[in-house]
Amino acid sequence: MVRAVAGSTALLSALLFTGCASLGAEPGYTPRTASGTIVSEDELTSATFEVETFLRTLDDGETEEIGEVRFTDLTAPVATLGVGGELIGSAAGPCFDTGLRTGGGDISVGPAEGPQTSTMPMDAEGREVAELVLLVHEQDPNAECFYRVVARAPLVWDEQ
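Treat the numbers as computed from the prediction; the structure is a model and nothing was measured.

(A) Focus on the environment of Leu135. Here Leu135 shows up in strand S9 (residues 127-137). Residue classification places Leu135 among the buried residues on the basis of a relative accessible area of 3%. Separated by 40 residues in sequence, Leu135 and Cys95 place their C-alpha atoms 8.8 Å apart. If we skip the residues at most four places from it in the chain, Leu135 touches Leu81, Gly82, Val83, Gly84, Phe96, Tyr147, Arg148, Val149 and Val150.

(B) Local environment of unusual backbone geometry. Unlike most non-glycine residues, Glu43 shows phi in positive territory, near 65 degrees. Inspection of the secondary structure assignment puts Glu43 in the loop between strand S2 (33-39) and strand S3 (46-58). Note on Glu43: relative accessible area 63%, which makes it exposed. Phi at Asp73 is positive, roughly 55 degrees, even though this residue is not glycine. As for its placement among the helices and strands, Asp73 is situated in strand S4 (residues 63-75). Among the residues examined, Asp73 registers a relative accessible area of 63% and is labelled exposed.

(C) Spatial organisation of the state of the cysteines. The final tally for this structure, using the stated rule, is one disulfide. Two residues, Cys95 and Cys145, share a disulfide whose sulfurs are 1.7 Å apart. Because the sign of the S-S torsion sets the handedness, a value of about -70 degrees for the bond joining Cys95 and Cys145 places this disulfide among the left-handed ones. Here Cys145 lies in the loop between S9 and strand S10 (147-154) and Cys95 lies in the loop between strand S5 (80-87) and strand S6 (101-108), a separation of 50 residues in the sequence. Across the pair, Cys145 and Cys95 agree in class, each one buried.

(D) Structural context of the packing of aromatic side chains. For the structure on display, the rule yields one aromatic pair. With a centroid separation of 4.9 Å and an interplanar angle of 90 degrees, the aromatic rings of Phe146 and Tyr147 are classed as edge-to-face. The buried category is assigned to Tyr147, whose relative accessible area is 12%. The ring of Trp157 has Arg32 sitting right over it, with the charged end atom 3.9 Å from the ring centre.

Reading guide: rules and limits
Residues numbered from 1 in each chain as written. Predicted model: local features only at pLDDT ≥ 70, side-chain atom pairs only at ≥ 80, totals over all residues. Heavy atoms only, no water. Helix = DSSP H or I, 4+ residues; strand = E, 2+ residues; numbered from the N terminus. Buried < 20%, exposed > 50% of the residue type's maximum accessible area, 1.4 Å probe, protein only. Contact = heavy atoms within 4.5 Å. Disulfide = S-S within 2.5 Å. Phe/Tyr/Trp six-rings, centres within 6.5 Å; stacked < 30°, edge-to-face > 60°. Lys NZ or Arg CZ within 6 Å of the ring centre and 35° of its normal.

Now the structure itself:
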């Protein structure tokens with residue numbers, strides 16, 4: 001099971017639910033929520049987001065915390081954005097290609113009925129997601145990044 005990758009996150013969306021046995025609650029588990037706004041430095045990419053967590057039980061009986069991320073009022077100069085999370089202790093930079101990260105696949109930009117939704121693990125290797133990021137896949141083979149971070153927002157959990 002892939003939870004975080006050092007390098008490309010291209011396979012994360014395809015592998016996200018591989019090995020999943022069931023979804024549900026675990027005794028003593030309390031779902032967490034977060035909300036906020038994510039805006040790029042150039043202000044061309046922005047959205048309001050909400051995150052709600054749940055536990056997923058894997059085939060081996062282990063559980064992992066998954067976040068359902070819902071974006072509303074999403075605007076960007078591209079048709080598709082990747083969704084990811086920077087883990088605590090990972091150095092933030094312009095590229096999403098290296099370090100400890102988690103990913104949630106792609107979302108479409110444009111008119112939609114309801115929010116754009118993605119899911120992703122909320123931790124990996126004992127480190128929690130500290131920052132929500134939106135990414136673009138670089139089409140230029142000579143680009144510095146395979147996945148370039150276009151917008152970031154700290155992930156601050158609501159108090160329970």
